[in-house]
Amino acid sequence: MDYSQFLTMKQEIGVLVLFLVVFIYDIFAPARSSKAIAWISTVGMLLLTVAGFFPCLLGVPSDEAVSVFNGMYVTSPVVCAIKCILNVGVTIVLLQSVKWVNNDMMAMRRGEFYELLLVTLFGMYLMVSARHFLLFVIGLESASLPLAAMVALDKNRYESREAAIKYILTACFSSAVFMMGLSFVYGLTGSLFFSDIYASLGMAENSALLILALAFVIAGIGFKLSLVPFHLWTADVYQGAPTSVTSYLSVISKGAAAFAFLVILAQAFGCVYEQVWEWMLYAIIILTITIGNLFAIRQRNMKRFLAFSSISQAGYIMLGVIALNFMGTAAMMYYILVYVFSNLAAFGVTQAIENKTGMVSIDDYRGLSKSNPALAFCMMLAMFSLAGIPPFAGFFSKFFIFTAAINQGSVAIYVLVLIALINTIISLYYYLLVVKSMYITPGEPVVARFRSDASERLGLVLTVGGIILLGIVSPVYNWLLDTAANSELLAFLLNV
């Protein structure tokens, strides 16, 4: 075996090095210096993020994919861009979590939070780069199982323990369903390599077993994405988990799963797109967007509200997959990047208020514009962006993903996009309910004036900057479009 192949995994190696630094510091650092681990992790993640945006620093060719381990692992400019988008979100999550990690209740578990987080990020990297289902499953379990421990980090709260149990049971069940689907796929094709599966299915006739196999595979990954009907764990886990973990779950985990979903469906099952899995995704997207919106209207707890909002947003993200073209890939990458800033802005405000007052109800936000105008402004921009109101970034992300889907050209996709547009109008109502509570609802402010922690303020500045700038700086989308057009993800469309 040529061990030099491991040097191709530069981003994975970077995460593992940071993990070892955090782990060693956590073991040997004196108690009085333990709080520094938060900034060590955050600065280290920031350096990895900056390095990732310069492929030359990582030795990644600018115009081709590099395949190692007999094709099991692939890295390329588009894969690096996907991992960089995840890194941006992780950096902001780490910034926003500094105050929570450094409180006295977390004194014995500070290092565990960062170590578990970095292990899950490593698993997500493998999911995105995997071109063999064995490596994908390793990444999937590396990303899923530590998350259950992260959900249970606040072990003094009953809700946190309950959320962890629900998450781990659902994760194990979904993994079992996914593995059953893979066994059917292996029985049909005799291989677990994406390219071999694609070639075998292209020469064989469609069968009931293939439809069942794909249904199981979609169900297994649908759990990670909170797609309906695999979403029932989401609200309870989001509510019970610490807010920092919830924001990580809602953005980073969802983004990685969406990218991995695109790779699997395109590279392994792309040849049976119209015959098998297109209609499956149509039904799932409609249900996900609609049910997510309808249940979000009923919520009064802010974390449950954002949970159903994230379910609905997952449906919009899937439009990039159903498009199955380069514009769809770029639009999905752009949508997730915008979603990172928008959702983390909302969670940043929620976490700042919860850390100070313990309040998490939407009713507690009444009069927030009077007592804490800066936080109210950040939340308003987040709601506007998530709703897709121009000129903020969320409007352009929805515009691009709708445009990419429509370019597919079928009548069914026009109906699907129309339903998504109608649901966008519905989402305006419940997003504006939060803005109404902060700015319009009469009465004295429930949350007294306070000054949030410096790390929380810095995280909110970054998210607000992203919401505003991504709607103005068009080269970001152009860069993603060029990267996707030259990628290997959908190379089969060009018969390459």
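This text follows the structure it describes.
Residues numbered from 1 in each chain as written. Predicted model: local features only at pLDDT ≥ 70, side-chain atom pairs only at ≥ 80, totals over all residues. Heavy atoms only, no water.

Student: Please clarify how the packing of aromatic side chains should be interpreted in this entry.
Tutor: Aromatic ring pairs are reported here in terms of the distance separating the ring centres and the angle at which the planes meet. Taken as a whole and judged by the stated rule, the model has 25 aromatic pairs. Taken together, a centroid distance of 6.0 Å and an interplanar angle of 10° make the contact between F19 and F23 stacked. Taken as a pair, F19 and F23 lie in helix 1 (residues 10-28) at a separation of 4 residues, close to a single helical turn. What makes F23 partly exposed here is its relative accessible area of 35%. Taken together, the aromatic side chains of Y334, F395, F396, F399, F400 and Y477 make up a single cluster linked through ring pairs. Across the ring face of Y125, the terminal group of K83 is positioned such that the distance to the ring centre comes to 5.3 Å. Positioned above the aromatic ring of Y316 is the side chain of K398, whose terminal nitrogen or guanidinium carbon lies 4.8 Å from the ring centre. (Phe/Tyr/Trp six-rings, centres within 6.5 Å; stacked < 30°, edge-to-face > 60°. Helix = DSSP H or I, 4+ residues; strand = E, 2+ residues; numbered from the N terminus. Buried < 20%, exposed > 50% of the residue type's maximum accessible area, 1.4 Å probe, protein only. Lys NZ or Arg CZ within 6 Å of the ring centre and 35° of its normal.)

Student: Honestly, the nonpolar core in this entry has me stumped. Any pointers?
Tutor: Nonpolar side chains tend toward joint burial in soluble globular proteins. In this structure, F113, F133, F136, Y248, F269, W277 and M383 are the most contacted members of the largest nonpolar core, which totals 174 residues. Sorting elements by how many residues they give to this core places helix 14 (residues 326-357) first, with 19 residues. Once you skip the residues sitting within four places of it in the chain, Y248 turns out to touch V90, V93, L117, T120, L121, M124, L147, M150 and S253. (Core = buried A, V, L, I, M, F, W, Y, C linked by side-chain atoms within 4.5 Å. Contact = heavy atoms within 4.5 Å.)

Student: Would you take a moment to explain unusual backbone geometry for this structure?
Tutor: Negative phi characterises most residues that are not glycine, and trans characterises most peptide bonds. Residues V228 and P229 are joined by a peptide bond in cis, for which omega reads 10°. P390 connects to P391 through a cis peptide bond whose omega is 5°. Of note, F69 is a non-glycine position whose phi angle comes to about 55°, a positive value. Take F69: it is sitting in the loop between strand 1 (66-68) and strand 2 (73-75). A positive phi angle, close to 60°, is found at N70, a residue other than glycine.

Student: Could you clarify how one ought to interpret the pattern of salt bridges in this entry?
Tutor: Note that side chains of opposite charge can pair when their charged atoms are close. What the rule picks out here adds up to 5 salt bridges. Ionic pairing is found between D363 and R300, a salt bridge with its closest N-O pair at 2.7 Å. Taken together, the residues span a long stretch of sequence, with D363 in the loop between helix 14 and helix 15 (368-371) and R300 in the loop between helix 12 (273-298) and helix 13 (302-323) at a distance of 63 residues. You can call D363 partly exposed: its relative accessible area is 38%. Shared partners join several salt bridges into a network, and the residues in it are E162, K166, D236 and R304. (Salt bridge = Lys/Arg side-chain N within 4 Å of Asp/Glu carboxyl O.)

Student: Sorry if this is basic, but what is going on with helix 16 (residues 373-387) here?
Tutor: Since the α-helix advances by 3.6 residues per turn, residues separated by three or four positions end up pointing in the same direction. Taking 1.5 Å as the rise per residue, helix 16 with 15 residues should run 21 Å; its terminal C-alpha atoms sit 21 Å apart, in good agreement. Within the span of helix 16, buried status applies to L375, A376, C378, M379, M380, L381, A382, M383, F384, S385, L386 and A387. Looking at the buried residues of helix 16, the elements they touch are helix 13, helix 14, helix 15, helix 17 (393-406), helix 18 (411-439) and helix 19 (454-469). One or two positions beyond helix 16, positive phi appears at G388, with a value near 85°. (Expected span 1.5 Å × (residues − 1).)

Student: How do you make sense of the side chain of S452 when you look at a structure like this?
Tutor: With respect to the helices and strands, the residue S452 is situated in the loop between helix 18 and helix 19. With relative accessibility at 10%, the residue S452 sits in the buried group. Once you skip the residues sitting within four places of it in the chain, S452 turns out to touch A352 and R457.

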